Amino acid sequence: MTDLNLLKENVLSAIALSSEDGTYSDEAYDKVQAAIQSLVPHSPTPRPIDEQEFVSSAWGTLYAQFGPRHTAGKPIEHVSNLKILSWAKFPEIPIFMRRLEQEIDHNTRAYNNIHYVTPVDGGMEAAYRVFGEYALDGDEPQRYKVNFYKGDFIGLNGESPEGIRAAFGMDPDQPLEVELQSPKLHSDVVYVDGDMRINYGSVGGVYVLNRLTSPMQSV
């Protein structure tokens with residue numbers, strides 16, 4: 001009998017092998033991938049599209065490989081910019097990514113990414129939220145086809161729009177909400193149980209997330 005708890009612990013132990021700066025050596029990267037590949041075939045939810053209510057939750061990201069292997073060394077905490085995260089709808093404003101969460105809701109088909117960020121030099125805590133909606137295909141029972149349609153930028157402590165723009169070096173007339181036009185994307189929920197989810201993204205990403213008990217704030 002497969003010991004799921006042991007396989008999950010192997011995944012978490014491998015993720016913990018990151019260097020102090022959050023990056024992974026080639027050896028540690030290989031261990032993470034091997035542990036994930038050992039766990040995925042034993043998902044207790046092989047057809048997530050039949051159990052959307054179970055997948056619905058707020059999720060915190062434990063491990064994020066944002067693309068192919070050559071980008072896998074990027075830690076969750078890293079410098080990015082709003083132009084990349086908005087498909088060029090925001091200008092090239094640098095931000096420091098602190099953590100990444102995701103909120104999925106089966107009632108509204110919401111598939112939202114929440115980037116908790118600060119200016120690169122620290123200071124105001126804010127959230128850049130990317131709102132998406134998912135569609136399903138019965139022929140691909142693990143696949144969530146996602147269209148991201150809106151992004152917004154909010155302070156976490158009631159800051160004014162003027163204060164947000166000033167803290168992040170934005171122009172005074174910069175809109176804090178923009179319409180997005182994302183490419184066709186999908187994310188395969190290849191493992192999900194009561195507290196862990198693993199997704200394979202359409203551009204080579206690999207993500208390990210933990211189910212949060214906090215209520216969803218973007219739905």
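What counts, and at which threshold
- Residues numbered from 1 in each chain as written.
- Predicted model: local features only at pLDDT ≥ 70, side-chain atom pairs only at ≥ 80, totals over all residues.
- Heavy atoms only, no water.
- Phe/Tyr/Trp six-rings, centres within 6.5 Å; stacked < 30°, edge-to-face > 60°.
- Helix = DSSP H or I, 4+ residues; strand = E, 2+ residues; numbered from the N terminus.
- Salt bridge = Lys/Arg side-chain N within 4 Å of Asp/Glu carboxyl O.
- Buried < 20%, exposed > 50% of the residue type's maximum accessible area, 1.4 Å probe, protein only.
- Core = buried A, V, L, I, M, F, W, Y, C linked by side-chain atoms within 4.5 Å.
- Contact = heavy atoms within 4.5 Å.
- Axes fitted to C-alpha atoms, helices over the stretch in contact; angles between N-to-C directions.
- Parallel < 35°, antiparallel > 145°, perpendicular 65-115°, else oblique.
- Left-handed = near helix turned anticlockwise from the far one by under 90°.
- Nonpolar A, V, L, I, M, F, W, Y, C, P; charged D, E, K, R; others polar.

Summed over the entire model, instances satisfying the criterion amount to 7 aromatic pairs. Judged by centre distance (5.9 Å) and plane angle (25°), the ring pair of Trp87 and Phe148 falls under stacked. Note that Trp87 is positioned in the loop between helix H4 (82–85) and strand S3 (94–105) and Phe148 in strand S6 (residues 143–155), a separation of 61 residues in sequence. For the ring pair Phe90 and Tyr128, a centre distance of 5.8 Å and an interplane angle of 85° mean the geometry is edge-to-face. Highlighted residues: Phe90 in the loop between H4 and S3 and Tyr128 in strand S5 (residues 126–135), separated in sequence by 38 residues.

Pairing is possible between side chains of opposite charge, provided their charged atoms come close. This model, assessed by the stated rule, comprises 9 salt bridges. For the salt bridge of Glu101 with Arg99, the shortest nitrogen-to-oxygen distance reads 3.2 Å. Taking relative accessible area as the criterion, Glu101 reaches 13% and is therefore assigned buried. Note that Asp188 and Arg143 form a salt bridge whose closest N and O atoms lie 2.8 Å from each other. With Asp188 in strand S8 (residues 185–192) and Arg143 in strand S6, the pair connects residues that are 45 residues apart, well separated along the chain. Judged by relative accessible area, which is 14%, Asp188 ranks as buried. Salt bridges here are not isolated pairs; linked through shared partners, they connect Lys8, Asp193 and Asp195.

On to unusual backbone geometry, then. With a phi close to 70°, Ala88 is a non-glycine residue in the positive phi region. Along the chain, Ala88 turns up in the loop between H4 and S3. Residues other than glycine seldom take positive phi values, yet Arg109 does so here, at roughly 60°. Tracing the sequence through the fold places Arg109 in the loop between S3 and strand S4 (110–118).

Let us look at the nonpolar core. Grouped together as the largest cluster of nonpolar side chains are 29 residues, with contacts concentrated most on Leu82, Tyr128, Tyr144, Phe153 and Phe168. Counting only elements with at least two residues in this core, the list comes to H4, S3, S4, S5, S6 and S8. With residues near it in sequence (within four places) discarded, Tyr144 still touches Pro48, Gln52, Val55, Ile104, Tyr111, Tyr134, Ala135, Leu136, Leu185, His186, Ser187 and Val189. Counting 19 residues, the second largest nonpolar core, distinct from the first, contains Tyr29, Val32, Tyr63 and Ile198.

As a packed pair, helix H1 (residues 4–15) and helix H2 (residues 26–39) sit with axes 8 Å apart at the nearest point and diverge in direction by 160°. In terms of orientation, H1 lies roughly antiparallel with respect to H2. In the packing of H1 onto H2, the handedness of the crossing is left-handed. Between H1 and H2, the residues in contact are Leu4, Leu7, Lys8, Asn10, Val11, Ala14 and Ile15 and Lys31, Val32, Ala35, Ile36, Ser38 and Leu39, respectively. By residue class, the composition of the contact of H1 with H2 is 9 nonpolar, 2 polar and 2 charged.

Tracing the backbone through its elements, the reader meets Asn210 in strand S10 (residues 206–211). Residue classification places Asn210 among the partly exposed residues on the basis of a relative accessible area of 24%. Residues Asn210 and Asp195, 15 residues apart in the sequence, show an inter-C-alpha distance of 5.4 Å. Those residues within four positions of Asn210 in sequence are excluded, and the remaining contacts are Ala58, Trp59, Gly60, Thr61, Leu62 and Asp195.

A separate point is the environment of Gln142. Here Gln142 is to be found in the loop between S5 and S6. It is 24 Å that separates the C-alpha atoms of Gln142 and Ile15, two residues lying 127 residues apart in sequence. Residues contacting Gln142, with those up to four places away along its chain left out, are Pro46, Pro48, Ser187, Asp188, Val189 and Val190.

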